[in-house]
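Next come the chains, spelled out residue by residue.
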Amino acid sequence: MPASEALAPATTFTRSDKVVIGVGGGLVVLAGVAHFAGWNSVFAFLVAAGAMALLASLVGRSVEQLGDQFGAGATGVLQSALGNLPELFICIFSLKAGLVDVVRAALVGSILANLLLVLGLAFVVGGLRHGTQKLGSERARTIVVLMLLSVAAWVIPSLAHFVHAPASEHEQTFSMLVSIVLLGLFALSLPFSLRRESGADAGEPVGHGTPRWPMWLALVLLAVSAAAAAFVSDWFVVALQPTMDSVGISEAFAGLVVVAIAGNAVENVVGVQLAAAGHSQYAFSIVLNSPIQIALVLAPVLVIVSQLFMATTLTLVLSPMLVVSLLLAIVLAGFIAFDGESTWLEGASLVALYGIIATSFWWG
């Protein structure tokens, strides 16, 4: 690289970047004011949710700027891990507030939102613009198998509980052991997930065609966004309970839909944008790495942390409706993705199933 090019100032923010940073910063400040001034709970909740979504978007943009350094798998793992930070904070504060059902529903809802809603929208948008999209058959099969195995690991403690198996008498210990196994499985899956794939799309940088940020700037914004998300998550949860009472929605619907979508804004936005741009393998990797990390990392960590350090304990025992919803989602998503291709109609089927499941939890 010529010295003049190396010393030239890097292009930094696009107009949309400035909007996200400006509006996001303003909403964080407004959410803080609403929380400490005791404003209307519904307004405080909506402002906090908007701030969480924009903070998550800023995390996604920061990771996107590092995309030239990694392949689709590594970028998906990194973006999903950081994108799940807001949800981790929300779940921790919800457990402290005793909202265990909200946390369970939020964890399942995050998986359903990514498997059905976000992946479906990505398939629809990408399919309408580019026709049949390639997902990378080997990666698709591995992701589907991991997802099916992790969901099965959630189903077994629930099944033991409802059939009154001997393991149901040791629910917390059983959930702790399953969580440790899932974390080990995630560690074993990392080498495959981080491996680059050959192919045109696999070699396409995530941030292709966008102005580059200096690495230090991306890292600073990641740190600031994560710190801000920790505070906003607390304000979000404080306003959540009175908002549910005011609006009349159940804890199950609040966790399954509201908290899940607000906590997964990165995948909601970035996955669809990448599919629209024709980067189908990146979109698939980012969207599907998130539910895998929720099932293999986020939920097990919350189970372990709650049992070791909190008065409110979380187990992997789910209600029958949540179990059936998970199984239906993974079967349909796996059937569609297993051949390594997607069409817009398949995406529409995923979105339709999400709508049906979400509606069924409106009443609890």
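Residues numbered from 1 in each chain as written. Predicted model: local features only at pLDDT ≥ 70, side-chain atom pairs only at ≥ 80, totals over all residues. Heavy atoms only, no water.

Enquirer: Describe the overall build of the chain, and please don't skip the residues or the numbers.
Expert: Summing up its helical and strand segments, the chain has 14 helices and two strands in all. For the chain, the proportion of its 364 residues judged to be buried stands at 54%. Within the chain, counting contacts between residues at least 6 apart in sequence, those at least 24 apart form 85% of the total. For the chain, the exposed area adds up to about 15100 Å²; of that, 71% sits on carbon and sulfur atoms. (Helix = DSSP H or I, 4+ residues; strand = E, 2+ residues; numbered from the N terminus. Buried < 20%, exposed > 50% of the residue type's maximum accessible area, 1.4 Å probe, protein only. Contact = heavy atoms within 4.5 Å. Areas by Shrake-Rupley, 256 points an atom, 1.4 Å probe, with all protein chains shown as cover.)

Enquirer: Describe helix 13 (residues 320-337), naming the residues involved and giving the relevant values.
Expert: End to end, helix 13 covers 26 Å across 18 residues, agreeing with the expected 26 Å (1.5 Å per residue, within 8%). Three or more residues of helix 13 are buried, namely Leu322, Val323, Ser325, Leu326, Ala329, Ile330, Ala333, Gly334, Ile336 and Ala337. (Expected span 1.5 Å × (residues − 1).)

Enquirer: Talk me through the packing of aromatic side chains; I want residue IDs and the actual numbers.
Expert: Two numbers describe a pair of aromatic rings. These are the distance of the centres and the angle of the planes. Considering all chains together, one arrives at five aromatic pairs under this definition. Taking 5.9 Å as the distance between ring centres and 75 degrees as the angle between the ring planes, the aromatic pair formed by Phe36 and Trp235 counts as edge-to-face. In this pair, Phe36 sits in helix 2 (residues 15-36) while Trp235 sits in helix 9 (residues 215-247), placing the two residues 199 residues apart along the sequence. Note on Trp235: relative accessible area 12%, which makes it buried. Centre to centre, the rings of Trp39 and Phe43 are 5.9 Å apart; their planes meet at 45 degrees, and the pair counts as tilted. Judged by its relative accessible area of 41%, Trp39 falls in the partly exposed class. Three or more aromatic residues link up through ring pairs in this structure, and these residues are Phe36, Phe231 and Trp235. (Phe/Tyr/Trp six-rings, centres within 6.5 Å; stacked < 30°, edge-to-face > 60°.)

Enquirer: Which residues make up unusual backbone geometry, and what values do they have?
Expert: Positioned with a positive phi, His164 is a non-glycine residue whose angle comes to about 60 degrees. Among the structural elements, His164 can be located in the loop between helix 7 (137-162) and helix 8 (171-194).

Enquirer: Can you tell me about the environment of Ile143, naming the residues and giving the values?
Expert: As for its position among the elements, Ile143 is in helix 7. C-alpha of Ile143 to C-alpha of Phe338: the two residues are 195 residues apart in sequence and 9.2 Å apart in space. Not counting the four nearest positions on each side in its chain, Ile143 is found in contact with Phe284, Leu288 and Ile292.

Enquirer: Requested: an account of the side chain of Ser175, with residues and values cited.
Expert: Looking at the secondary structure, you find Ser175 in helix 8. For Ser175, a relative accessible area of 0% puts it in the buried group. Beyond its immediate sequence surroundings of up to four residues, Ser175 is in contact with Val303, Gln307, Thr315 and Leu316.

Enquirer: Explain helix 6 (residues 100-130) to me, and be specific about the residues and the numbers.
Expert: Side chains of residues three or four places apart in an α-helix project in the same direction, reflecting 3.6 residues per turn. When the terminal C-alpha atoms of helix 6 are compared, their 43 Å separation across 31 residues agrees well with the 45 Å that a helix rising 1.5 Å per residue should span. At Ala113, helix 6 shows its strongest bend, of approximately 40 degrees. Among the 31 residues that make up helix 6, 25 are buried, leaving the element largely enclosed by the rest of the structure. Phi turns positive, to about 80 degrees, at Gly131, one or two residues after helix 6. (Bend = angle between axes of the 7 residues up to and from the residue.)

Enquirer: Which residues make up the confidence of the model for the chain, and what values do they have?
Expert: For the chain, mean pLDDT is 79; residues scoring 70 or higher make up 83% of the total. Per-element averaging of pLDDT across the chain places helix 1 (residues 3-7) at the bottom with 43 and helix 14 (residues 344-360) at the top with 90. Under a pLDDT of 50 for its full length, residues 1-10 has, in the predicted model, three contacts with residues more than four places off or in other chains. Note that residues 199-209 has pLDDT below 50 and, in this model, 21 contacts with residues that lie over four places away or in other chains. (pLDDT = per-residue confidence, 0-100.)

Enquirer: An account of a nonpolar patch on the surface is requested, with residue identities and associated values reported.
Expert: On the surface, Val29, Val33, Trp39 and Phe43 cluster together to form a nonpolar patch covering roughly 370 Å² of accessible area. Here Val33 is to be found in helix 2. (Patch = residues over 30% accessible without salt bridge, like charges linked within 9 Å, V, L, I, M, F, W, Y side chains within 5 Å. Salt bridge = Lys/Arg side-chain N within 4 Å of Asp/Glu carboxyl O.)

Enquirer: Quick rundown of the environment of Ser57? Include the residues and the values.
Expert: Checked against the element boundaries, Ser57 lands in helix 3 (residues 41-64). According to the relative accessible area criterion, Ser57 is buried, its value standing at 12%. Sequence-wise, Ser57 and Val269 are 212 residues apart; in three dimensions their C-alpha atoms are separated by 7.4 Å.

Enquirer: Requested: an account of the packing of helix 5 (residues 85-96) against helix 9, with residues and values cited.
Expert: At a minimum axis distance of 8 Å, the contact between helix 5 and helix 9 shows a crossing angle of 40 degrees. By the angle between their axes, helix 5 is oblique relative to helix 9. As for how helix 5 packs across helix 9, the hand of that crossing is right-handed. Residue-level contacts link Leu85, Pro86, Phe89, Ile90, Phe93 and Ser94 of helix 5 to Ala226, Ala229, Ala230, Ser233, Asp234, Phe236 and Val237 of helix 9. (Axes fitted to C-alpha atoms, helices over the stretch in contact; angles between N-to-C directions. Parallel < 35°, antiparallel > 145°, perpendicular 65-115°, else oblique. Left-handed = near helix turned anticlockwise from the far one by under 90°.)

Enquirer: Could you give me a rundown of the packing of helix 13 against helix 14, with the residues and numbers involved?
Expert: Where helix 13 contacts helix 14, the axes come no closer than 10 Å and their chain directions differ by 175 degrees. Our classification of the angle between helix 13 and helix 14 gives roughly antiparallel. Along the contact surface, helix 13 presents Met321, Ser325, Leu328, Ala329, Leu332, Ala333 and Ile336, while helix 14 presents Glu346, Ser349, Leu350, Leu353, Ile357 and Ser360. A class-by-class count of the residues in the contact of helix 13 with helix 14 yields nine nonpolar, three polar and one charged. (Nonpolar A, V, L, I, M, F, W, Y, C, P; charged D, E, K, R; others polar.)

Enquirer: I'd like a rundown of the environment of Ile286, residues and numbers included.
Expert: Relative to the elements of secondary structure, Ile286 occurs in helix 12 (residues 280-309). C-alpha of Ile286 to C-alpha of Leu274: the two residues are 12 residues apart in sequence and 9.4 Å apart in space.

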